[in-house]
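Chain residues, written in single-letter form:
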Amino acid sequence: MLEKPSWLLKIKDNDQNIEGIGECSIIPGLSIDDEALIEEQLREVCNSINKTQSFDELYPGLEKFPAIKFALETAILDLKGGGKKILFDNSFSRGEAGIMINGLVWMSGIEEMFWQAKEKIEKGFKTIKFKIGAMDFESELNLIRRVRNEFGPDIEIRLDANGAFNNEEALSKLEQLSAFQIHSIEQPIKPGHWQVMGKICATSPIPIALDEELIGITGPAQKSELLQEIKPQYIILKPSLLGGFKESDEWINLIGNIPTEWWATSALESNIGLNAIAQWTAEKKPHLPQGLGTGDLYMNNFPLPLKTIREKLWFLV
């Protein structure tokens with residue numbers, strides 16, 4: 001993946017000459033937003049903004065366009081904050097505190113992945129996340145064994161299978177991976193198999209985190225049904241794929257009924273979207289390392305004072 005489609009939604013208050021910006025960011029093949037219709041839908045939203053009496057009137061009808069909902073919500077928050085890219089006033093947005101993040105190792109050759117992990121650990125990361133499932137499983141086991149042997153038990157290892165395991169082999173593979181003190185694994189099987197995933201969560205020696213499973217699930221009733229049937233140990237919140245902060249807040253409120261924790265992850269947004277997600281995340285005062293390190297990938301990112309220092313993301317005002 002060498003390119004990332006995104007659109008910027010701008011809302012301007014001509015009387016005060018301020019502008020709020022939100023990012024409509026999709027991942028083809030993962031986002032449920034229809035890429036062929038998204039620009040038409042964005043134009044409709046822009047036309048509606050000029051006619052509406054209340055911003056709340058803009059959200060109905062956007063259930064199938066969570067990326068647009070995210071862009072709209074963040075643009076409105078930015079506008080209300082004076083167009084200064086400060087959506088939430090907290091210690092992160094004031095530059096007083098950083099957010100602990102995991103070091104993400106991008107899928108590559110096994111040797112390259114090891115050196116990525118080594119580099120991040122040497123930079124100060126204590127939590128390393130590997131994407132697995134695309135290569136020979138034995139090679140992946142050897143990679144994780146090598147990292148554990150070389151860097152010891154104090155490094156936290158997270159895994160993300162992106163649904164790569166088939167239903168029948170998942171538990172066997174999780175058993176083998178559990179020998180290396182794995183913190184958690186995201187989405188071991190493809191989404192949509194709630195009963196199977198529920199059994200995996202109940203019996204896996206490694207805690208399970210739901211990721212893609214949450215995409216396209218809307219409304220408190222459906223969200224609650226998923227959580228009660230699967231009972232995951234963790235859920236991963238990606239606001240640009242879930243429909244924004246209100247939708248993500250709803251997930252957090254619902255997991256209060258079961259012993260499930262959460263962390264937020266960026267989904268290859270530019271600095272515009274990443275900044276919004278990071279400020280929202282900081283508002284929750286998270287205690288787990290977050291997945292907010294994808295902004296470093298871009299060669300032509302929007303200039304914002306986001307910087308990773310050791311294992312923390314900072315907004316350097």
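Shown above is the structure to which this text applies.
These lines cover the structure that appears in this document, whether it is placed above or below. Computed from a prediction, not measured in an experiment: that's the story for all the values here.

Side note on the overall build of the chain
Phase 1 of the analysis: Within the chain, the secondary structure is distributed over 10 helices and 12 strands.
Phase 2 of the analysis: The C-alpha radius of gyration of the chain comes to 20 Å, within 12% of the 20 Å expected for a compact globule of 317 residues.
Phase 3 of the analysis: Each of the 317 residues in the chain was classed as buried or not, and the buried ones make up 53%.
Phase 4 of the analysis: A separation threshold of at least 6 residues defines the contact pool for the chain, and within that pool the share at least 24 residues apart is 70%.
Phase 5 of the analysis: Seen as two clouds, the 33 positive and the 46 negative side-chain charges of the chain have centres 4 Å apart.

Let's talk about the nonpolar core
Phase 1 of the analysis: Counting 70 residues, the largest nonpolar core has F130, L177 and I185 as the members making the most contacts within it.
Phase 2 of the analysis: In terms of residue count, the dominant contributor to this core is helix α10 (residues 271-283) (six residues).
Phase 3 of the analysis: Contact partners of I185, with chain neighbours within four places excluded, come to I132, L159, A161, F165, L174, L177, I206, P207, I208 and A209.
Phase 4 of the analysis: Formed by 21 residues, the second largest nonpolar core is a distinct cluster that contains L9, I11, C24 and I76.

Description of the side chain of E140
Phase 1 of the analysis: Examined against the element boundaries, E140 turns out to sit in helix α4 (residues 137-151).
Phase 2 of the analysis: Of the side chains with opposite charge, K173 lies nearest to the buried E140, which makes no salt bridge, at 6.5 Å.
Phase 3 of the analysis: In contact with E140, not counting residues within four places along its chain, are I110, I132, G133, A134 and M135.

What to know about the pattern of salt bridges
Phase 1 of the analysis: Applying the stated rule across the entire model yields 16 salt bridges.
Phase 2 of the analysis: In this structure, E156 and R158 form a salt bridge, with 3.6 Å as the shortest nitrogen-oxygen distance.
Phase 3 of the analysis: For E156, a relative accessible area of 25% puts it in the partly exposed group.
Phase 4 of the analysis: Taking relative accessible area as the criterion, R158 reaches 0% and is therefore assigned buried.
Phase 5 of the analysis: A salt bridge links K223 to E250; its shortest N-O distance comes to 2.8 Å. Of this pair, K223 sits in helix α7 (residues 220-230) while E250 sits in helix α9 (residues 245-254), and the two are 27 residues apart along the sequence.
Phase 6 of the analysis: Several salt bridges share partner residues, and in doing so they unite K69, K223, E247 and E250 into one network.

A look at the sheet that holds strand β11 (residues 306-309)
Phase 1 of the analysis: With antiparallel pairing, three strands are arranged side by side in an open sheet as β3-β12-β11. Of all the strands in the sheet, just β3 (99-100) and β11 have a single pairing partner and so form its edges.
Phase 2 of the analysis: Of the strand pairs in this sheet, β3 and strand β12 (residues 312-315) are connected by two bridges, and their pairing is antiparallel. Each residue of the ladder has a partner; that of I99, found in β12, is L313.

What about the sheet that holds strand β5 (residues 127-131)?
Phase 1 of the analysis: Taking strand neighbours across the sheet as the criterion, the seven strands line up as β4-β5-β6-β7-β8-β9-β10 in an open arrangement whose pairing is parallel. At either margin of the open sheet sits one strand with a lone partner, and together these are β4 (103-105) and β10 (261-264). Neighbour-to-neighbour, the strand axes of the sheet open up by a mean angle of 25 degrees, direction not taken into account.
Phase 2 of the analysis: Two strands pair when backbone bridges link them, and strand β6 (residues 156-160) and strand β7 (residues 182-186) are joined in this way by four bridges, in the parallel orientation.

Points about the pairing of β12
Phase 1 of the analysis: Relative to β12, β11 runs antiparallel, the two being bridged by four bridges. Bridging from a neighbouring strand, L306 pairs with F315 of β12.
Phase 2 of the analysis: Here β11 folds back onto β12 in antiparallel fashion, the turn holding two residues, of which R310 has a positive phi close to 50 degrees.

Overview of unusual backbone geometry
Phase 1 of the analysis: Although it is not a glycine, N17 sits at a positive phi angle of roughly 55 degrees.
Phase 2 of the analysis: Among the secondary structure elements, N17 is positioned in the loop between β1 (6-13) and β2 (18-25).
Phase 3 of the analysis: The backbone of K231 shows a phi angle near 50 degrees, a positive value even though the residue is not glycine.
Phase 4 of the analysis: Within the secondary structure, K231 sits in the loop between α7 and β9 (234-237).
Phase 5 of the analysis: Taking the relative accessible area as the measure of exposure, K231 reaches 46% and is therefore partly exposed.

Notes on the pairing of β7
Phase 1 of the analysis: The buried fraction of β7 is high, at five of five residues.
Phase 2 of the analysis: Handedness of the crossover joining β6 and β7 through helix α5 (residues 170-177) is recorded here as right-handed.
Phase 3 of the analysis: In the sheet, β7 pairs with strand β8 (residues 208-210) via two bridges, with the strands oriented parallel. Opposite E186, over in β8, you have A209 as the bridge partner.

What counts as what
Residues numbered from 1 in each chain as written. Predicted model: local features only at pLDDT ≥ 70, side-chain atom pairs only at ≥ 80, totals over all residues. Heavy atoms only, no water. Helix = DSSP H or I, 4+ residues; strand = E, 2+ residues; numbered from the N terminus. Rg over C-alpha atoms; globule rule 2.2 N^0.38 Å. Buried < 20%, exposed > 50% of the residue type's maximum accessible area, 1.4 Å probe, protein only. Contact = heavy atoms within 4.5 Å. Lys, Arg positive; Asp, Glu negative; His and termini not counted. Charge placed at Lys NZ, Arg CZ, Asp CG, Glu CD. Core = buried A, V, L, I, M, F, W, Y, C linked by side-chain atoms within 4.5 Å. Salt bridge = Lys/Arg side-chain N within 4 Å of Asp/Glu carboxyl O. Pairing = 2+ DSSP bridges. Axes fitted to C-alpha atoms, helices over the stretch in contact; angles between N-to-C directions. Right-handed = clockwise from strand over helix to strand, strands pointing away.

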